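Here is what each chain is made of, one letter per residue.
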Amino acid sequence: MKILIEELNINGEGLSYIDGKKYCVKGVLTGENVDVLEKSEKRNFVDTKLNKIVHPSPIRILSKCVWCDKCGGCDFMFADEKNALKVKKNIIKNYFLDFFSKEIITHSSKNNIHYRNKVSFAVNGDKIGLQKKNSNEIVEVDECLVAKNEINMVLKIFREYLGKTQNSTINHLVIRAVDNYVSVVLVCKITPKNLDFCAKKLECAFGNRFGLFLNFNTSKNKILGDKWQYVCGQKEICSKALGINFFVKPHSFLQINDDVRDKLYNRILREIDGGVVIEGYSGAGLLSAVMAKKAEKVFAVEINKTASLDAEKTKIENSLFNLENINGDCGLLLPKLVKKFPNATFVVDPPRSGLDKNIINAIINSDVKKVVYISCNPYTLKQNIYLLKDKFEVVNFEIFDIFPQTFEIESFVVLNRK
Ligand SMILES: C[S@@+](CC[C@H](N)C(=O)[O-])C[C@H]1O[C@@H](n2cnc3c(N)ncnc32)[C@H](O)[C@@H]1O
């Protein structure tokens, strides 16, 4: 059947409303007339599969990547670069209209391709590539268009290695590239053979600017396990951003787009005055260090032990003795800090699951005046804003295009006490 796409939802799916039913289809743009095939219907919600674009949007383009329809990585390669961020802005604007009706400012990425500083490739025998969405199937790729060039160089080395060794113990290859350093993690069940081959090839390509690690994982539910082994090269990536020399091990979180990360951190910095900052979910601590240069005192809470150690190293390297890195659970620690420092500015950047209810209650019942909330998931962000809405109002909403070529977006929200 033919439908007209009226709007896109926060997952980037096109919606059409006909006779009280909501039709949903992936891979389309607002205003397009498309032919769809019905997959399933449940309580007036009809899930469909795109059959043909009958009348394309003027901003539709042919994807630059030959694998993007198959691999689960980039789900938004079909709009031109000038308009893609406008489309995402409209999705966010409509979704948050009840809480913010002013103009949403957008921050674009300097690079729309070759921007990702980290990619996890799936491995099975001599097959290596990207995983199909919601499937274990591997889509073999020669290169990933959104990955930095160094990552594609490492991919080539490991394709050769896997072809030679027929290794059945490796499940994933996780590569991070920052500032010409690469860290390479082989996720495996037992130590793979012929690691010397990889080490030599990496040395040839990157000199001493690489680190090789093993991560042991037998679980299928997550990519990385808890057991790590350092093999050779540099034990961590050392880089400089926003005036801070920082360190990050492969175990720690780092924003995946260096350029947009810096823009986001600079924007957060504008919300910081000379007082106390309580930062939750602080990762490897680059943002904490940047804020510590301006604030009187920064408390940074992070649950990952290695990330907290990275943050501590960064603190010492930059002589930031007003920064206190605390390793622990934000759900337990942030409510305590809020009680002790009621006038602090609260900065949080939680994982996709959003803020713990304890934290929301602690903020509501405290004297905190301002919350700066960074979110990679509009759905949980909206739920959390809803819970805060009686005491706080959204005074600023901006979006940062950390993930070009996908529908993912990073939101920056400032909430002030009413
Ligand atoms: C989206 S990242 C943000 C990191 C950091 N703000 C940055 O820009 O690099 C979320 C971080 O929260 C940490 N995390 C997840 N759950 C946590 C919890 N309950 N308590 C403290 N940290 C947590 C993760 O380890 C991760 O480093």
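Residues numbered from 1 in each chain as written. Predicted model: local features only at pLDDT ≥ 70, side-chain atom pairs only at ≥ 80, totals over all residues. Heavy atoms only, no water.

**Digging into the sheet that holds strand β21 (residues 370-375)**
For step 1, the next point in the chain: Read across the open sheet, the 8 strands follow the order β7-β22-β23-β21-β20-β17-β18-β19; overall the sheet is mixed. Of all strands in the sheet, those bounded by a partner on one side alone are β7 (105-107) and β19 (323-327). Adjacent strand axes in the sheet meet at a mean angle of 20 degrees, parallel and antiparallel pairs treated alike.
For step 2, the next point in the chain: Inspection of the sheet shows strand β20 (residues 345-348) paired to β21 by 3 bridges, in the parallel sense. Each bridged residue has a counterpart across the sheet, and for Phe 346 the counterpart in β21 is Val 371.
For step 3, the next point in the chain: Against the sheet, helix α7 (residues 330-340) touches β17 (276-280), β18 (297-302), β19 and β20, its axis set at about 165 degrees to β17. (Pairing = 2+ DSSP bridges. Helix = DSSP H or I, 4+ residues; strand = E, 2+ residues; numbered from the N terminus. Axes fitted to C-alpha atoms, helices over the stretch in contact; angles between N-to-C directions. Contact = heavy atoms within 4.5 Å.)

**Concerning the side chain of His 107**
For step 1, the next point in the chain: Structurally, the position occupied by His 107 is in strand β7.
For step 2, the next point in the chain: Overall, the relative accessible area of 19% leaves His 107 in the buried class.
For step 3, the next point in the chain: Among the polar contacts listed, one links the side chain of His 107 to the side chain of Glu 398, at a separation of 2.7 Å.
For step 4, the next point in the chain: Ignoring any residue separated from it by four or fewer positions in sequence, one finds His 107 in contact with Leu 85, Glu 398, Ile 399, Phe 400 and Asp 401. (Buried < 20%, exposed > 50% of the residue type's maximum accessible area, 1.4 Å probe, protein only. Polar contact = N/O pair within 3.5 Å; in protein donor to acceptor, adjacent residues only side chain to side chain.)

**Things to note about the packing of helix α2 (residues 149-165) against helix α3 (residues 195-206)**
Two quantities define a packed helix pair, namely the angle between the helix axes and the distance between the axes.
For step 1, the next point in the chain: One way to put it is that α2 packs onto α3 with a least axis distance of 10 Å and a crossing angle of 150 degrees. Viewed along their axes, α2 and α3 adopt a mutual orientation that is roughly antiparallel. Regarding α2 and α3, the two cross each other, and that crossing is right-handed. Contacts between α2 and α3 involve Glu 150, Met 153, Val 154, Ile 157, Phe 158, Glu 160, Tyr 161 and Lys 164 on the former and, on the latter, Leu 195, Phe 197, Cys 198, Lys 201, Leu 202, Ala 205 and Phe 206. (Parallel < 35°, antiparallel > 145°, perpendicular 65-115°, else oblique. Left-handed = near helix turned anticlockwise from the far one by under 90°.)

**Structural notes on the sheet that holds strand β4 (residues 21-25)**
For step 1, the next point in the chain: Read from one edge to the other, the open sheet built from 6 strands follows the order β1-β5-β6-β4-β3-β2, with strand pairing classed as mixed. In this open sheet, the two strands that pair with only one neighbour each are β1 (2-4) and β2 (7-8).
For step 2, the next point in the chain: Relative to strand β6 (residues 45-55), β4 runs parallel, the two being bridged by 3 bridges. Directly across from Lys 22, in β6, lies its bridge partner Phe 45.

**Here we look at the domain arrangement of the protein**
For step 1, the next point in the chain: The domain boundaries assigned to the protein delineate domain 1 (1-58), domain 2 (118-239) and domain 3 (257-417).
For step 2, the next point in the chain: Its C-alpha centre places domain 2 at a distance of 31 Å from the equivalent point of domain 3.
For step 3, the next point in the chain: Of the residues lining the interface, 4 residues belong to domain 2; the matching set on domain 3 comes to 5 residues.
For step 4, the next point in the chain: The junction of domain 2 with domain 3 conceals about 280 Å² of combined surface from both sides, 38% of it contributed by carbon and sulfur atoms. (Domains from an automatic or database assignment. Buried area = accessible area lost by both parts, 1.4 Å probe.)

**Considering the site of the ligand**
For step 1, the next point in the chain: Close contacts around the ligand come from 15 residues, with Gln 255, Tyr 265, Glu 302, Asp 329 and Cys 330 the closest.
For step 2, the next point in the chain: At 2.5 Å from an oxygen atom of the ligand is found a side-chain nitrogen or oxygen belonging to Tyr 265.
For step 3, the next point in the chain: Starting from 610 Å² of accessible surface for the ligand in isolation, the protein chains cover 85%.
For step 4, the next point in the chain: Of the residues that constitute the shell around the ligand, the class distribution is 7 nonpolar, 5 polar and 3 charged. (Near = heavy atom within 4 Å. Areas by Shrake-Rupley, 256 points an atom, 1.4 Å probe, with all protein chains shown as cover. Nonpolar A, V, L, I, M, F, W, Y, C, P; charged D, E, K, R; others polar.)

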